[in-house]
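Fold and geometry: a report
Residue strings, one per chain:
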Amino acid sequence: MGLMCFFEKFKAKERADFIKNIAYQLNADYYFGTDSIKDKFNTIWGYFCEKEGNVIVGKIEDYDYYIVEYAKFRGNKFQGFYWEYESRYVIKSKENLPDFYLLPKTNLTSFINTATVFISLAFSIPVIFLVLEKPEPSVFLTALSIIAIIGIILYKAFCHSTEYSNQNKYMINNEGFKNKYIIKNYSDFKKPGQLLQLITKYSDPIKIREVLTDDVCEKLERNYSDIFLSVRGNCVSDLDEGSMEMFQSYGKITSSDSCKYRLNKLLEIVKILEHLPDSMEKIMSVSDFNKQISNNTN
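Residues numbered from 1 in each chain as written. Predicted model: local features only at pLDDT ≥ 70, side-chain atom pairs only at ≥ 80, totals over all residues. Heavy atoms only, no water.

**Structural notes on a nonpolar patch on the surface**
For clarity, the cut-off: Residues form patches when they are more than 30% accessible in relative terms and have no salt bridge. Like charges link within 9 Å. Nonpolar side chains (Val, Leu, Ile, Met, Phe, Trp, Tyr) link within 5 Å. Residue-level accessible areas treat just the shown protein chains as cover; the underlying method is Shrake-Rupley with a 1.4 Å probe. When a carboxyl oxygen of Asp or Glu lies within 4 Å of a side-chain nitrogen of Lys or Arg, that pair is called a salt bridge. Put simply, DSSP marks the helices as runs of H or I at least four residues long and the strands as runs of E at least two long, and each gets a number from the N terminus on.
Where nonpolar side chains cluster on the molecular surface, the patch consists of Phe6, Phe7, Phe73 and Trp83 and spans about 400 Å² of accessible area. With respect to the secondary-structure elements, Phe7 resides in helix α1 (residues 2–13).

**Some thoughts on the packing of aromatic side chains**
Definition in use: Any two of the Phe, Tyr and Trp rings considered here, Trp counted by its six-membered ring, make a pair once their centres fall within 6.5 Å; the pair's planes then place it as stacked at under 30 degrees, edge-to-face at over 60, or tilted in between. Using a 1.4 Å probe on the protein chains alone, a residue whose accessible area is under 20% of its type maximum counts as buried, one over 50% counts as exposed, and one in between counts as partly exposed. Throughout this description, the term charge over a ring refers to an Arg CZ or Lys NZ atom that lies within 6 Å of the ring centre and within 35 degrees of the ring normal.
In total, this model carries 2 aromatic pairs according to the counting rule given. Between Phe177 and Tyr181, the aromatic rings sit 5.1 Å apart at their centres with planes inclined by 55°, giving tilted as the arrangement. Like Phe177, the residue Tyr181 is buried in the burial classification. Residue placement shows Lys13 over the ring face of Phe32; its charged tip is 5.2 Å from the ring centre. Directly above the aromatic system of Tyr85 lies the positively charged group of Arg15, at a separation of 5.4 Å from the ring centroid.

**As for helix α9 (residues 256–273)**
Structurally, the α-helix is built with 3.6 residues per turn, so residues lying three or four positions apart point the same way. Here is the rule we go by: Helix span, as expected, comes to 1.5 Å for every residue beyond the first.
Between its first and last C-alpha atoms α9 spans 26 Å; for 18 residues at 1.5 Å apiece the expected length is 26 Å, and the two agree. Those residues of α9 that sit buried are Ser256, Cys259, Arg262, Leu263, Leu266, Leu267, Ile269, Val270, Ile272 and Leu273.

**Side note on the side chain of Gln167**
Applicable threshold: Between two residues, a contact is recorded if the distance between any of their heavy atoms is within 4.5 Å.
Mapped onto the elements of the fold, Gln167 is located in the loop between α5 (137–161) and α6 (175–180). When near neighbours in sequence (up to four residues on either side) are disregarded, Gln167 contacts Tyr181, Ile182 and Ile183.

**Thoughts on the environment of Leu229**
Following the sequence through the fold, Leu229 ends up in strand β7 (residues 229–232). Using a relative accessible area of 1% as the deciding quantity, one classes Leu229 as buried. With residues up to four places along the chain from it excluded, the contact list for Leu229 reads Phe100, Tyr101, Leu102, Val236, Ser237, Leu266, Ile269 and Leu273.

**Details of unusual backbone geometry**
Phi at Met171 is positive, roughly 55°, even though this residue is not glycine. With respect to the helices and strands, the residue Met171 is situated in the loop between α5 and α6. In this structure Met171 comes out as buried when scored by relative accessible area, which is 8%. In this structure, Asn234 is a non-glycine residue whose phi angle is positive, near 65°.

**Side note on the packing of helix α8 (residues 214–223) against α9**
When two helices pack together, their arrangement is given by the angle between the helix axes and the distance between those axes. Using the following cut-off: Fitting a line to C-alpha atoms yields each axis, with helices limited to the stretch in contact; the angle taken between N-to-C directions then spans 0 to 180 degrees. Should an angle lie under 35 degrees it is considered roughly parallel, over 145 roughly antiparallel, and from 65 to 115 roughly perpendicular; all remaining angles are considered oblique. Here a crossing is called left-handed whenever its near helix is offset anticlockwise from the far helix by less than a right angle, and right-handed whenever the offset is clockwise. By the convention adopted, Pro, Cys, Tyr, Trp, Phe, Met, Ile, Leu, Val and Ala count as nonpolar, Lys, Arg, Asp and Glu as charged, and the other residues, Gly among them, as polar.
Two numbers describe how α8 lies on α9: the axes approach to 9 Å, and their chain directions differ by 160°. In terms of orientation, α8 lies roughly antiparallel with respect to α9. For α8 against α9, the interelement crossing comes out right-handed. Touching Val216, Lys219 and Leu220 of α8 are Ile269, Ile272 and Leu273, all from α9. When the residues that make up the contact of α8 with α9 are grouped by side-chain class, the tally is 5 nonpolar, no polar and 1 charged.

Shown next as structure tokens:
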């Protein structure tokens, strides 16, 4: 990882002069590396080399923001290995927001189904060879049963790990919102240089429900169709934590106008999230919440 970050840092610096000029046009400050701004913003997101990038820091309508563009080394069977640039936009909320992610349900469904099929087939290769060697009905039925069991276990595991099948705890009433989005509740994903994290901190579902009120859910469902949203440390980002990057990728910074457009779109969402009730009683009492949780799990 350290060597890869070294090369990604080198590639990012090739764009330093261009990003400095964009920062000047935005009347913002330029830094290299997010270590320079970590005391002001949450800078620990999903990608471990993200901190080695060109950073723009400024204000939009009195909200603090930063933009980081970083290099990534990618590869696929069509293009081989290549370098590309990705960017994350972050706005610091003025409210005390719990940590959570919001993912498009259709994208997550596609990810779960695709991963289940391919991994099931990979685990089932020995069974497939057995069927080819002994093409008998009993062997074929046994093989199908084994593949089906593997698929079901993987599907259940993916649904549990992504919280796809555990949305009732948020008590969202808006059916359109529930059909569009999945709320993912964990505060720490991958820290730079840390592959395995044994202790995961979860946000209180009640606190998330305080943010995602009926009114907020209605506005998000009505006005947006494909939100990838990460909320961590009172900072709101329009890029997810890295687990769904095959479905969502923001390329390199192209102009100050495109930066302004994306910042304004993200600010709209931040303002929606900040429409919090004065107290939990405006949504439901804790006892009512616990009662509904109990009813949904029975």
